[in-house]
Amino acid sequence: MFTPAYAQSTPSAGGSTDLLIQLVPFLLIFVIMYFLILRPQQRRAKEHQQMMKSIRRNDTVVTSGGIIGKVTKVVDESSEVEVEIADNVRVRVLRSTISEVRAKAEPVKAA
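Because the structure is a prediction, the values reported are computed rather than measured. Residue positions are given per chain, counting from 1 as you read along its sequence in written order. In keeping with the model being predicted, local features are shown solely for residues with a pLDDT of at least 70 and side-chain atom pairs are shown and tallied solely at 80 or more, while totals for entire chains, interfaces and linings include all residues. Hydrogens are left out, water is left out, and the side-chain values use all remaining heavy atoms of the structure.

**Q** Is there a simple way to think about the pairing of strand β3 (residues 80–86) in this case?
**A** The side chains of a regular strand alternate, residue by residue, between the two faces of the sheet. The rule for pairing is simple: two strands pair if DSSP sees at least two bridges between them. Numbering of helices and strands runs from the N terminus, with a helix taken as a DSSP run of H or I at least four residues long and a strand as a DSSP run of E at least two residues long. The pairing of strand β2 (residues 68–74) with β3 spans four bridges and is classified as antiparallel. Of the residues in β3, the one forming a bridge with K73 is E82. Between β2 and β3, which pair antiparallel one after the other, the connecting turn spans five residues. Where β3 meets strand β4 (residues 89–94), six bridges bridge the pair, whose relative direction is antiparallel. Within β4, the residue paired with A86 across the bridge is V89. Linking β3 back to β4 in an antiparallel pair, the connection comprises two residues, with N88 at a positive phi of about 60°.

**Q** Would you mind showing me how to read the UniProt feature "transmembrane region" (unreviewed entry) in the chain here?
**A** UniProt positions are given in the numbering used here, feature names are shortened, and annotations may be inferred rather than shown by experiment. In the numbering used here, UniProt assigns the feature "transmembrane region" (unreviewed entry) to residues 20–38. A distance of 25 Å separates the end C-alpha atoms of residues 20–38, which is 100% helix and 0% strand.

**Q** Just to check I follow, could you spell out a nonpolar patch on the surface for this structure?
**A** A contiguous nonpolar patch, built from L28, I29, F30, V31, I32, M33, Y34, F35, L36, I37 and L38 and spanning about 1100 Å² of accessible area, is present on the exposed surface. To sort residues, take the accessible area from a 1.4 Å probe on protein chains only and compare it with the maximum for the residue type: under 20% means buried, over 50% means exposed, and anything in between is partly exposed. Taking relative accessible area as the criterion, I37 reaches 44% and is therefore assigned partly exposed. Patch membership is restricted to residues that have no salt bridge and whose relative accessible area is over 30%. Joining uses 9 Å for like charges and 5 Å for the nonpolar side chains Val, Leu, Ile, Met, Phe, Trp and Tyr. Here the accessible surface of atoms and residues is derived via Shrake-Rupley with a 1.4 Å probe, and residues count as covered only by protein chains that are part of the display. For this document, the term salt bridge refers to a Lys or Arg side-chain nitrogen within 4 Å of an Asp or Glu carboxyl oxygen.

The structure is reproduced here in structure tokens:
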């Protein structure tokens, strides 16, 4: 029915445009994923880091394990904070394990 000569494609000048047209859907999917997934995730990570830096004494925090307590001691250089989880029960918690700051303490009033 067909000879091998007809079945073979002929080289054309439009070969590079065919490749570009085939890559457009993949590029479009990547751009959509960037704006819907990667960018919001980076923004949340940046907000979380800012929250970790701004933890102060008397803030109510929630750890990733679900423990709710009040910050009693913050050391600037350290990666730990001291959290009171019950009356006279204080534990040292890594800043990275704090998932949420529920109630911010009032700023210290300058006298």
